[in-house]
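# Fold and geometry: a report
For reference, the chains in residue letters:
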Amino acid sequence: MQTLQSGVDFILGLGPSVMLPIVMLIFGLLLRQGFNKSFRAAITIGIGFVGVNLVIGLLSEALGPAASAMVERFGLNLRILDVGWPVGAAISFGTSLAPLMIPLIIIFNVVLVAINFTKTVNVDIWNFWHLIFSTSIAYIATDNAILAIAIGLIITAITLKLADWTAPAVEHHFGLKGVSLAHSETVNFAPITYALNKVEDKIPVFNKWNADPETLSRKFGVFGEPLVMGLVLGMLIGVLGNYDLQGVLTLGIQMAAVLVLLPRMVALLMEGLIPISEGARDYITKRFPGKEVYIGLDAAIVIGNPANMAVALIMVPITILLAIILPWNEMLPFADLAVLPFTVIWAVAASRGNIIRGIVNATVVMMIVFFIATNIAELTTTMGRSVGFDIPDGATLISGIDVGSHILVFIFINLLDPSNPLFITAIVFAVIYSLLWFWVRKDIRKQFAEEIALAESQKQNT
């Protein structure tokens, strides 16, 4: 087991910018793409990830102090500290079940593809930490490794199914053909946000408001472009953080840079991904006629969407306001405010980039996040202590926006014990979640009906 743990630690220590190119190189060779083509694509993907991470780093470094200043200005004093997703990942990979879960998830995924349960081949090994988190938190809650592993694999299966279901949006909204997003803590919000969008379609007047970046650009010229939106939103956050004029202007330019640079870094990432994606499709089509597969990737490849980033920045002050006013919240938002571009992905995608609807959807998402983050904080803290994580001074418990985004984890761990005060709440969550997914299960294909029909017609002609 120690040897396995050492091997896992080495691979994970490479980080996604190194590990994903290695995985994609091997994948390309298995697909018989040739070494030169596979190698170039893999290195390009790695460079794209470095670029994306640099821009996200800029976002984190700029937003962190601004968020801290807003928290201080509003006098927030809550007992649970948002320690951020890197701590969540480190804790998850440090648990005893991590070395076992990584190969299990890979094998389980292959089996599910083979029996046609899913079309998604999840190559995003780095982000298996979300699934390992699910397993480990269930283990802490039940003290039963077999049951915890079963829960982790069930959540894996549901996540892959959600990735399949949302793949048309990844193709037709984000422009990434043959790709799905098997990020459990982001894609699990898709049924909720698509249901919200369906309700919003029925609201008079509101259903006519369209504020996607293209419409804003047409109506307001340069003032509707992403770089100006980033500038204005950054300056607004600076003002709310009580920055001086220099600080306000600097944060404005930094956020403008994020909105301009991130889509370009994602485009570079896609330059490397497209040959591998097309190769996978050709390989499967030749050997398994009629079978379709998606490559499951990190949701980072879509966060650069201008509408997504605009909503994420607007949600920074809204998130802090929600932390103040929500009666069920006990978490101080901090480190994971920079994760909001990930958290709001499906809030924005469900509305096809309508920023107004995106803000409404994202607000509902954050209300759920705060509820879950608060209620699994004790388990998260126990798990952190079990791997030697030191609780920061001034905090009684730890959690995070990313941790609170795991809807499926919350449902499963609270369904296990009928004496749990949240048992009934978990049943209600599970029923509503299932009904919402059933209600909107056809909506993505309806939303992109014309694009899908055209793509299928072209496929038949070739």
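Residues numbered from 1 in each chain as written. Predicted model: local features only at pLDDT ≥ 70, side-chain atom pairs only at ≥ 80, totals over all residues. Heavy atoms only, no water.

The protein carries the name PTS galactitol transporter subunit IIC in an unreviewed UniProt entry, which gives Salinicoccus sesuvii as its organism. For the record of the protein, the UniProt heading Subcellular location (unreviewed entry) holds the text "Cell membrane". (UniProt positions renumbered as here; feature names shortened; annotations may be inferred.)

### Points about the packing of aromatic side chains
Taken as a whole and judged by the stated rule, the model has 10 aromatic pairs. Pairing Phe371 with Phe410 gives two aromatic rings, centres 5.7 Å apart and planes at 75°, and the pair type is edge-to-face. Of this pair, Phe371 sits in helix H16 (residues 355–375) while Phe410 sits in helix H18 (residues 407–415), and the two are 39 residues apart along the sequence. Like Phe410, Phe371 is buried. With a centroid separation of 5.9 Å and 20° between ring planes, the pair formed by Phe371 and Phe429 is classed as stacked. Remark: Phe429 occurs in helix H19 (residues 423–440) and Phe371 occurs in helix H16; sequence separation between them is 58 residues. Look at Phe371 and you get buried, because its relative accessible area is 17%. Classification of Phe429 by relative accessible area gives partly exposed; the value is 23%. A connected cluster of aromatic rings, assembled from ring pairs, spans Trp328, Phe371, Phe410 and Phe429. For Lys161, the ring lying beneath its charged end belongs to Phe117, and the centroid distance is 4.7 Å. (Phe/Tyr/Trp six-rings, centres within 6.5 Å; stacked < 30°, edge-to-face > 60°. Helix = DSSP H or I, 4+ residues; strand = E, 2+ residues; numbered from the N terminus. Buried < 20%, exposed > 50% of the residue type's maximum accessible area, 1.4 Å probe, protein only. Lys NZ or Arg CZ within 6 Å of the ring centre and 35° of its normal.)

### Quick notes on the nonpolar core
Ranked by internal contacts, the top residues of the largest apolar core, which has 142 residues, are Tyr194, Ile301 and Trp346. With 13 residues, the single largest contributor to this core is helix H3 (residues 35–73). Membership of the second largest hydrophobic core comes to 5 residues, among which are Leu112, Ala157, Ala163 and Ala182. (Core = buried A, V, L, I, M, F, W, Y, C linked by side-chain atoms within 4.5 Å.)

### Topic: the sheet that holds strand E1 (residues 80–82)
An order of E5-E1-E6 is seen for the 3 strands of this open sheet, with the pairing classed as parallel. In this open sheet, the two edge strands, each paired with only one partner strand, are strand E5 (331–332) and strand E6 (397–399). Across 2 bridges, E1 lies against E5 in parallel orientation. Across the sheet, residue Ile80 finds its bridge partner in E5, namely Met331. Sheet strands in contact with helix H17 (residues 377–386) are E1 and E6, and its direction is about 100° off that of E6. (Pairing = 2+ DSSP bridges. Contact = heavy atoms within 4.5 Å. Axes fitted to C-alpha atoms, helices over the stretch in contact; angles between N-to-C directions.)

### Topic: a positive patch on the surface
Positive charge collects at one region of the surface, where Lys202, Arg441, Lys442 and Lys446 lie side by side. Topologically, Arg441 is positioned in the loop between H19 and helix H20 (443–447). (Patch = residues over 30% accessible without salt bridge, like charges linked within 9 Å, V, L, I, M, F, W, Y side chains within 5 Å. Areas by Shrake-Rupley, 256 points an atom, 1.4 Å probe, with all protein chains shown as cover. Salt bridge = Lys/Arg side-chain N within 4 Å of Asp/Glu carboxyl O. Lys, Arg positive; Asp, Glu negative; His and termini not counted. Charge placed at Lys NZ, Arg CZ, Asp CG, Glu CD.)

### What to know about the side chain of Thr44
Mapped onto the secondary structure, Thr44 falls in helix H3. Beyond its immediate sequence surroundings of up to four residues, Thr44 is in contact with Leu268, Glu271 and Gly272.

### Some words on the sheet that holds strand E2 (residues 120–122)
Taken together, 3 strands build an open sheet; the order of strands is E2-E4-E3 and the sheet is parallel. The sheet terminates laterally at E2 and strand E3 (179–180), the two strands that pair on one side only. Here E2 runs beside strand E4 (residues 294–296); their pairing, made up of 3 bridges, is parallel. Counted as the bridge partner of Asn122 is Gly296 from E4.

### Describing the packing of helix H7 (residues 145–172) against H18
One way to put it is that H7 packs onto H18 with a least axis distance of 11 Å and a crossing angle of 140°. Relative to H18, the element H7 lies oblique. The interaxial crossing formed by H7 with H18 has right-handed handedness. Along its contact with H7, which presents Ile151, Ile154, Ile155, Ile158 and Thr159, the element H18 presents Leu408, Val409 and Phe412. Across the contact of H7 with H18, the residue classes break down as 7 nonpolar, 1 polar and no charged. (Parallel < 35°, antiparallel > 145°, perpendicular 65-115°, else oblique. Left-handed = near helix turned anticlockwise from the far one by under 90°. Nonpolar A, V, L, I, M, F, W, Y, C, P; charged D, E, K, R; others polar.)

### Comments concerning the pattern of salt bridges
Counted under the stated rule, the structure contains 4 salt bridges. Among the ionic pairs, Arg79 bridges to Glu330, the shortest N-O distance being 2.2 Å. Pair noted here: Arg79 is in the loop between H3 and E1 and Glu330 is in the loop between helix H13 (306–325) and E5, with a separation of 251 residues, a long-range link. The exposure class assigned to Arg79 is partly exposed, which follows from its relative accessible area of 35%. Judged by relative accessible area, Glu330 falls into the partly exposed class, the value being 29%. Taking the shortest distance from any N to any O, the salt bridge between Lys198 and Asp443 comes out at 3.5 Å. On the criterion of sequence distance, the pair formed by Lys198 in helix H9 (residues 190–200) and Asp443 in helix H20 is long-range, its members being 245 residues apart.

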